[in-house]
Amino acid sequence: MIVTTEKLTKRYGDRAVVDEVSLSVRRGEVYGFLGPNGAGKTTTIRMLLGLVKPTSGSARVLGEAPGTPRALLKVGSLIEGPGFYPYLSGRDNLRVHAARRGVGKTGVEAALEQVDLVGAAGEKFRRYSLGMKQRLGVAAALLGQPELLILDEPTNGLDPAGMADMRDLVRALAAQGQTVLLSSHLLGEVEEICDRVGVIAQGRLIAESTVEQLRGDSQLLIRADPLEKAHVLIEGSTVHGDALHVREKDAGVLVRVLVAADVDVREVRPLRRTLEEVFFEMTGAA
Amino acid sequence: MGSVKAELLRLWKWPATWVLIGVWLVMTLTFGYVFNYLALNGGTNTRSMSQQQLISAMQPENVGAAVVRGLPMFGGAIILVLAALAVGSGYGWGTWKTTLTAGPRRVSAMAGTLGALGIVVVLLVALTFVVNLGASITVASLEGWDWSLPGLGVFKALGASLLIAAMWTGFGVFLGVVTKGPALAVGLGLMWAIVTENLLRGVGSLLGPVESLTKVLPGGSAGNLAGAVGGSGAPGVLTDLSGTTAALFLLGYVVVFVGAATFLKVRRDLV
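Residues numbered from 1 in each chain as written. Chains lettered and ligands numbered in written order. Predicted model: local features only at pLDDT ≥ 70, side-chain atom pairs only at ≥ 80, totals over all residues. Heavy atoms only, no water.

**Q** Can you help me understand the overall build of chain B in this one?
**A** Along its length, chain B carries 12 helices and 0 strands. Since a compact globule built from 271 residues should have a radius of gyration of about 18 Å, the 19 Å found for chain B is in line with a globular shape. For chain B, the spread of C-alpha atoms along the principal axes amounts to about 60 × 45 × 30 Å. Per-residue burial for chain B yields a buried fraction of 52% across its 271 residues. In chain B, 78% of the contacts between residues at least 6 apart in sequence involve partners at least 24 apart. Accessible surface, chain B: about 11500 Å² in total, of which carbon and sulfur atoms supply 70%. Charged side chains of chain B number 15 positive and 8 negative; the gap between the two group centres comes to 18 Å. (Helix = DSSP H or I, 4+ residues; strand = E, 2+ residues; numbered from the N terminus. Rg over C-alpha atoms; globule rule 2.2 N^0.38 Å. Buried < 20%, exposed > 50% of the residue type's maximum accessible area, 1.4 Å probe, protein only. Contact = heavy atoms within 4.5 Å. Areas by Shrake-Rupley, 256 points an atom, 1.4 Å probe, with all protein chains shown as cover. Lys, Arg positive; Asp, Glu negative; His and termini not counted. Charge placed at Lys NZ, Arg CZ, Asp CG, Glu CD.)

**Q** Would you explain the pairing of strand β13 (residues 243–247) of chain A in this entry?
**A** If a strand is regular, its side chains alternate between the two faces of the sheet. Residues and elements named next belong to chain A. Counting buried positions over the 5 residues of β13 gives 4, a clear majority of the element. In this structure, strand β11 (residues 219–225) lies alongside β13, joined through 4 bridges in antiparallel fashion. Following the sheet pairing, glutamine 219 is matched in β13 by arginine 247. For strand β12 (residues 238–240) and β13, the ladder comprises 3 bridges, and the chain directions are antiparallel. Within β13, the position partnered with valine 239 by the bridge is leucine 244. Hairpin geometry of β12 and β13 is characterised by an intervening segment of 2 residues between the two adjacent antiparallel strands and by a positive phi of about 65° at glycine 241. (Pairing = 2+ DSSP bridges.)

**Q** Sorry if this is basic, but what is going on with helix α5 (residues 71–93) of chain B here?
**A** Along α5(B), the largest kink reaches about 30° and is centred on Ala77(B). Here α5(B) lies mainly inside the structure; 19 of its 23 residues are buried. (Bend = angle between axes of the 7 residues up to and from the residue.)

**Q** Looking at this structure, I do not really get the pattern of salt bridges. What am I missing?
**A** Between side chains of opposite charge, pairing is possible as soon as their charged atoms come close. Residue and element names in this part refer to chain A. Evaluated as defined, the whole model comprises 20 salt bridges over all chains. Between arginine 27 and glutamate 147 there is a salt bridge, with its nearest N and O atoms 3.3 Å apart. Note that arginine 27 is positioned in the loop between β3 (24–25) and β4 (30–34) and glutamate 147 in the loop between α5 (130–142) and β7 (148–152), a separation of 120 residues in sequence. Residue classification places arginine 27 among the exposed positions, given a relative accessible area of 58%. Glutamate 147 sits in the partly exposed class, given a relative accessible area of 32%. Taking the shortest distance from any N to any O, the salt bridge between glutamate 267 and arginine 269 comes out at 2.7 Å. Taken together, the shared-partner salt bridges connect Arg167, Asp168, Arg171 and Glu192 into one network. (Salt bridge = Lys/Arg side-chain N within 4 Å of Asp/Glu carboxyl O.)

**Q** I keep staring at the side chain of Ser136(B) and nothing clicks. Help me out?
**A** Residue and element names in this part refer to chain B. Looking at the element boundaries, serine 136 is found in helix α7 (residues 106–143). A polar contact is formed between the side chain of serine 136 and the backbone oxygen of leucine 133, at a distance of 2.8 Å. Discounting residues that sit within four places of it in the chain, serine 136 has contacts with Tyr33, Met58, Gln59 and Pro60. (Polar contact = N/O pair within 3.5 Å; in protein donor to acceptor, adjacent residues only side chain to side chain.)

**Q** Looking at this structure, how should I read the nonpolar core?
**A** Here is a general trend for soluble globular proteins: nonpolar side chains tend to be buried in one another's company. Ranked by internal contacts, the top residues of the largest apolar core, which has 108 residues, are Leu148(A), Ile164(B) and Trp168(B). Ranked by residues supplied to this core, first place goes to α7(B) with 13 residues. In this structure, Leu148(A) is in contact with Ile2(A), Val3(A), Val61(A), Leu62(A), Lys74(A), Val75(A), Gly76(A), Gln178(A), Thr179(A) and Leu181(A), ignoring residues within four places of it in sequence. Formed by 46 residues, the second largest nonpolar core is a distinct cluster that contains Leu34(A), Ala139(A), Val170(A) and Phe279(A). (Core = buried A, V, L, I, M, F, W, Y, C linked by side-chain atoms within 4.5 Å.)

Shape is all these values report; function is a separate question.
So this is what it looks like as structure tokens:
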């Protein structure tokens, strides 16, 4: 495991912002940390980076205590937007960050190249578009070839093209075997990129599994006439309005059974819950 | 070492650093030489400074006193603003977050900031000395005075200048950390350096204990040290304490300000 937390908790007064969160991130995976705004994602991430001290519980990052130099030097992070000096160029900002991480000039240029910012590296940071700022943030996170990349809402404020660029960048990093912990409230983003997902709501981790497991078994929707007869013929089916739902089996077999029984089959299609539906079910319940 | 290098790089390329240093150099030239030179050559001398006093203030051999006398109040305020901006701005820009997740311990990150600010402040004092020396030699040559370079005593004045500058730097850093922003830190710092201590000195003429207190406050200690090493004739320069006592108070303030700022930086959550 690259990251593990055990009942990690942060309280401000009586309010638990993060409440006994136990999660684990495996080497080589893209882990989606999913939750609505204010759910406790950023506070959890800040605790993993040592910026915020937990009230109770524990965490290990690459086998080290969070916030120690040994842990931080193996982690690259972008938290709630990039923090850079507005009067410096993108390249100089990276040079400043690289000096703190003990990374040389070559590392800076490589990071700029990785996020496709070489052409604009000489421009002042304050003149960058939001997308360029986010990419520079990712470049800073990549300095020193970290074992773990923590990206907190990396597509926040980006236009659709910028979001797509960022997703492509994360995908490319994942393809190179980079472990990524990606926090987001954008379900499509997580569904597209992540291998496993942790869902947090009101400070509590309410689910942790693969996206597939989270969605649950897929089902078939069948519209047939007469519906009651089809319902009797197909074991385990449930009636939803003018259709049947049944756990996904061989659709061909089901159709043959119905046709053989003189039932008209009007529609058969897979019925899959989206991550969005699952998310709202979970966070609504929480 | 990496932290000092990083901070130095960003302070070096920060326009605010050079604007503040430039403003200070213009001020020290204007008030130390330009006005005195004009007064000497036909101005209306309402401060009843004798010609000899004006000449003495501009002599190259007295350049040490010229450097140190500006620092207790106006030079100190400029240094405080620089330090408060350097530390406080990091909260708004989010650069503290970037710094503290880069790798070094928080103490090292803070030491890097303090070290780089220290280098900038040493440079400021050195530039002040060079510019003052250049101005004094220019005036002496123009006026045809017999002049000589400052003696070894100048190191005492420069040492005092550095200690005063260190105290104001520490004060600015402390305010930047406490207020977590540049605006309030600068506002409070300037209020203290230029207004509050002067008001307290005014009250001190009515209340004995307050008068004693004002002598050892940050600005008062700085003024007393400047006064002890020969600085005179500038706002904020005092002669109530011995040089050693004033220096010890200043050292104490440096330790307290830097220690408290570092403690807060290490202990507080960065949210």
